[in-house]
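Descriptive structure summary
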Amino acid sequence: MHHDRYGRARSVLEVMSHDSDTDLRDRQEKPVAYGAAGIPLYLLIDRDACTVTLYGDPDPGVGYRSSRKEPFGATLLLPDPLGIELPTEKLKQYVD
């Protein structure tokens with residue numbers, strides 16, 4: 001997690017595990033919960049699908065209003081508060 005000076009989460013990075021409930025927990029429940037909590041960015045690294053998904057524009061009623069999914073190998077722009085380009089090519093080596 002990336003926190004602001006008041007200790008509030010500004011972003012969350014999640015690398016999916018291979019648990020039986022990971023689809024429900026990581027792809028469905030967490031985006032709703034983190035968005036409802038007002039966390040600006042949630043980055044999900046999905047080793048099963050070989051994708052990275054960036055959720056943004058949090059909405060307390062629905063979770064996040066926007067998401068962008070890219071395959072491993074793409075460069076993903078992470079907006080402020082991070083403000084970086086994230087190359088994902090190296091993630092390919094961590095796929096089981």
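Small disclaimer: the values here were computed from a predicted structure and weren't measured.

1. Digging into the overall build of the protein chain
For the protein chain, the count of helices and strands is 1 helix and 7 strands. Overall, the protein chain shows an N-to-C arrangement of helices and strands of β-β-α-β-β-β-β-β. Classification of the 96 residues of the protein chain by burial places 36% in the buried group. Long-range pairs, those at least 24 residues apart, make up 38% of the contacts in the protein chain between residues at least 6 apart in sequence.

2. Concerning the pattern of salt bridges
Close approach of charged atoms allows side chains with opposite charge to pair. In the structure shown here, the tally under the stated rule is 7 salt bridges. Measuring nitrogen to oxygen at the nearest pair gives 3.2 Å for the salt bridge that ties Lys92 to Glu89. In this structure, a network of salt bridges that share partners links the residues Arg25, Asp26 and Lys30.

3. Remarks on the confidence of the model for the protein chain
Scored by pLDDT, the protein chain comes out at a mean of 85, with 89% of its residues at no less than 70. Taking the mean pLDDT of every element in the protein chain, the minimum, 49, falls on strand β1 (residues 2-3) and the maximum, 95, on strand β5 (residues 63-71).

4. Describing the environment of Ser11
Along the chain, Ser11 falls in strand β2 (residues 9-15). Sequence-wise, Ser11 and Leu41 are 30 residues apart; in three dimensions their C-alpha atoms are separated by 4.6 Å.

5. Digging into the environment of Asp26
Tracing the sequence through the fold places Asp26 in helix α1 (residues 22-36). Apart from the residues within four sequence positions on either side, Asp26 is in contact with Glu14, Met16, Ser17, Pro31, Tyr42 and Leu44. At 3.2 Å, the side chain of Asp26 and the side chain of Lys30 are in polar contact.

6. Here's the deal with the side chain of Thr88
Note that Thr88 resides in the segment after β7 (84-87). Its relative accessible area of 1% is what places Thr88 among the buried residues. Not counting chain neighbours up to four residues away, the residues in contact with Thr88 comprise Val52, Pro71, Phe72, Gly73 and Ala74.

7. Digging into the environment of Ile39
Structurally, Ile39 can be placed in the loop between α1 and β3 (41-46). Between the C-alpha atoms of Ile39 and Gly56, which are 17 residues apart in sequence, the distance is 8.4 Å.

8. Some details on the packing of aromatic side chains
By the definition in use, this model includes 3 aromatic pairs. Here the aromatic rings of Tyr42 and Tyr55 are separated by 5.4 Å at their centres, their planes lie at 20°, and the arrangement is stacked. In this pair, Tyr42 sits in strand β3 while Tyr55 sits in strand β4 (residues 51-59), placing the two residues 13 residues apart along the sequence. Ring-pair connections join several aromatic residues into one group, and the members of that group are Tyr34, Tyr42, Tyr55 and Tyr64.

Criteria and cut-off values
- Residues numbered from 1 in each chain as written.
- Predicted model: local features only at pLDDT ≥ 70, side-chain atom pairs only at ≥ 80, totals over all residues.
- Heavy atoms only, no water.
- Helix = DSSP H or I, 4+ residues; strand = E, 2+ residues; numbered from the N terminus.
- Buried < 20%, exposed > 50% of the residue type's maximum accessible area, 1.4 Å probe, protein only.
- Contact = heavy atoms within 4.5 Å.
- Salt bridge = Lys/Arg side-chain N within 4 Å of Asp/Glu carboxyl O.
- pLDDT = per-residue confidence, 0-100.
- Polar contact = N/O pair within 3.5 Å; in protein donor to acceptor, adjacent residues only side chain to side chain.
- Phe/Tyr/Trp six-rings, centres within 6.5 Å; stacked < 30°, edge-to-face > 60°.

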